[in-house]
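Each chain, written out:
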Amino acid sequence: MTKETERFPARAFQRALLDWFARERRDLPWRKDRDPYKVWVSEVMLQQTRVETVIPYFEQFIERFPTLEALADAEEDEVLKAWEGLGYYSRVRNLHAAVKEVKERYGGKVPDDPDEFSKLKGVGPYTVGAVLSLAYGVPEPAVDGNVMRVLSRLFLVTDDIAKTSTKKRFEQLIREIMAYEHPGAFNEALIELGALVCTPRRPSCLLCPVQTYCRAFAEGVAEELPVKTKKTAVKQVPLAVAVLADEEGRVLIRKRDSSGLLANLWEFPSCETAGADGKETLEQMVGEQYGLQAELTEAIASLEHAFSHLVWKLTVFPGRLISSRSVKEPLRLVSEDELEAHAFPVSQQRVWREYKKWAGQMRRPD
């Protein structure tokens with residue numbers, strides 16, 4: 001027992017939290033079925049992504065891959081296409097690899113043992129706690145950003161939540177105050193409380209069902225918590241992007257490497273400009289790197305796309321491919337219909353929309 005929970009009225013807190021959750025819980029599609037596979041998919045999707053964004057993706061993904069075996073047997077390109085636009089693609093690549101292992105090693109049954117489940121690719125402590133508590137009733141803590149915020153305020157924790165040691169401390173706190181008869185509902189209720197009431201800015205303290213037990217509220221410092229170190233400035237990367245069409249109207253696309261950022265997704269040819277003229281640099285790159293001759297027009301759009309660690313500053317150049325006879329992997333020439341079958345990251349979807357807008361204007365009569 002830690003000093004924070006030594007005199008903490010855990011049973012009364014549990015009752016207040018669970019009664020509130022029973023009344024106020026949102027009607028979300030992944031709450032209709034406690035199938036471990038579906039719970040797992042939802043939890044992976046919800047990492048770093050808003051609930052409103054996840055709902056249609058979850059429904060479409062489960063319709064396409066209704067069982068763990070269906071996902072395990074699918075080709076990676078098909079899986080990436082189903083995830084297209086959701087971002088953080090390493091999540092779905094790890095999930096895909098993990099369900100294959102579950103099919104091979106565990107006969108398609110998601111392991112209910114925390115040690116076994118945690119050995120699967122991409123499965124960290126939060127996923128272990130969330131999936132096993134919700135699907136199997138295993139009393140494991142599920143500590144995400146919402147929960148860290150709630151606990152920081154509840155117990156007046158001023159440690160930096162960006163530190164691993166602080167997260168470990170929160171996991172221990174959960175173990176000491178958890179409703180062991182209902183671990184899944186308890187974990188989900190804490191997450192829901194952080195999402196709906198104990199929000200990052202202007203928390204609704206007067207409506208909080210556990211306000212009585214909150215030390216930060218008692219001391220008037222709820223909005224000052226949690227403590228988190230500020231991120232360092234992200235790297236700015238200028239990129240020139242070419243949308244090149246051949247004489248048949250097919251467009252040149254490129255498959256990214258099998259590892260690293262946006263692995264195995266498709267994109268339009270691009271290069272860093274480093275302050276140089278983007279058009280000339282891009283034409284030179286297409287010739288030197290791909291052995292193709294391109295003729296670009298002036299830029300039609302400038303876009304920014306932010307990742308957690310860098311920002312792409314994209315300048316879009318349409319143009320024509322003089323000769324397409326020597327196009328080979330990782331390049332591909334595709335029609336507009338065929339383009340739709342390939343998985344593109346959001347930044348490249350935005351490039352394509354700008355190109356289509358420009359092409360439509362070019363065809364419009366004066």
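In this text, all values refer to a predicted model and were calculated from it rather than measured experimentally.

Caption draft 1: Just the packing of helix α8 (residues 125-136) against helix α11 (residues 183-196), in detail. The geometry of α8 relative to α11 is characterised by a closest axis approach of 7 Å and an angle of 125° between their N-to-C directions. In terms of orientation, α8 lies oblique with respect to α11. Crossing of α8 against α11: the hand is left-handed. Of the residues in α11, those in contact with Tyr 126, Gly 129, Ser 133 and Leu 134 of α8 are Pro 183, Gly 184, Asn 187, Glu 188 and Ile 191. Partitioning the contact of α8 with α11 into residue classes produces four nonpolar, four polar and one charged.

Caption draft 2: Looking closely at the layout of surface pockets. Considering only enclosed or pocket space, the largest pocket measures out at about 1400 Å³ in volume. Looking at the largest pocket, it is lined by 41 residues, and the ones nearest its centre are Leu 46, Gln 48, Asp 144, Gly 145 and Asn 146. Put simply, the parts of the chain that give the lining of the largest pocket at least two residues each are α2 (36-46), α3 (51-64), α8, α9 (145-154), α10 (164-177) and α11. The greatest single-element share of the lining of the largest pocket, amounting to six residues, is contributed by α11.

Caption draft 3: Just α2, in detail. With ten of eleven residues buried, α2 lies mostly within the body of the structure. Taken together, the buried positions of α2 are occupied by Pro 36, Tyr 37, Lys 38, Val 39, Trp 40, Val 41, Ser 42, Glu 43, Val 44 and Met 45. Those residues of α2 hidden inside the fold are in contact with α3, α4 (68-73), α5 (76-83), α6 (90-106), α7 (114-118) and α8. Where α2 begins, one side-chain oxygen reaches toward the backbone nitrogen of Tyr 37, 3.0 Å away; that side chain belongs to Asp 35. Two residues or fewer after α2 comes Gln 48, characterised by a positive phi angle close to 65°.

Caption draft 4: Focus on the packing of aromatic side chains. Scanning the entire structure with this criterion turns up 14 aromatic pairs. On the basis of an interplanar angle of 65° and a centroid distance of 6.3 Å, the ring pair of Phe 8 and Tyr 213 is categorised as edge-to-face. Remark: Tyr 213 occurs in the loop between α11 and α12 (215-218) and Phe 8 occurs in the segment before α1 (10-24); sequence separation between them is 205 residues. As far as the burial class goes, Phe 8 and Tyr 213 line up, both buried. Summarising the aromatic geometry, the rings of Phe 13 and Phe 186 are spaced 6.4 Å apart at their centres and angled 70° between planes, so their arrangement reads as edge-to-face.

Caption draft 5: Quick peek at the UniProt feature "domain: HhH-GPD" (unreviewed entry) in the protein chain. UniProt's feature table lists "domain: HhH-GPD" (unreviewed entry) at residues 45-196, given in the numbering used throughout. The distance from the first to the last C-alpha atom of residues 45-196 is 19 Å, and the span holds 67% helix and 0% strand.

Caption draft 6: Main features of unusual backbone geometry. Note the cis peptide between Leu 225 and Pro 226, where omega equals 0°. By the element assignment, Pro 226 lies in the loop between α12 and β1 (235-245). Residue Pro 330 is bonded to the preceding Glu 329 through a cis peptide linkage, with omega at 10°. Within the secondary structure layout, Pro 330 lies in the loop between β7 (310-321) and β8 (331-334).

The rules we used
- Residues numbered from 1 in each chain as written.
- Predicted model: local features only at pLDDT ≥ 70, side-chain atom pairs only at ≥ 80, totals over all residues.
- Heavy atoms only, no water.
- Axes fitted to C-alpha atoms, helices over the stretch in contact; angles between N-to-C directions.
- Helix = DSSP H or I, 4+ residues; strand = E, 2+ residues; numbered from the N terminus.
- Parallel < 35°, antiparallel > 145°, perpendicular 65-115°, else oblique.
- Left-handed = near helix turned anticlockwise from the far one by under 90°.
- Contact = heavy atoms within 4.5 Å.
- Nonpolar A, V, L, I, M, F, W, Y, C, P; charged D, E, K, R; others polar.
- 1 Å grid on protein atoms, 1.4 Å probe; cavity = no way out; pocket = protein on both sides within 12 Å on 5 of 7 lines; lining within 4 Å.
- Points joined across faces, edges and corners; volume = space filled by probe spheres on them.
- Buried < 20%, exposed > 50% of the residue type's maximum accessible area, 1.4 Å probe, protein only.
- Polar contact = N/O pair within 3.5 Å; in protein donor to acceptor, adjacent residues only side chain to side chain.
- Phe/Tyr/Trp six-rings, centres within 6.5 Å; stacked < 30°, edge-to-face > 60°.
- UniProt positions renumbered as here; feature names shortened; annotations may be inferred.

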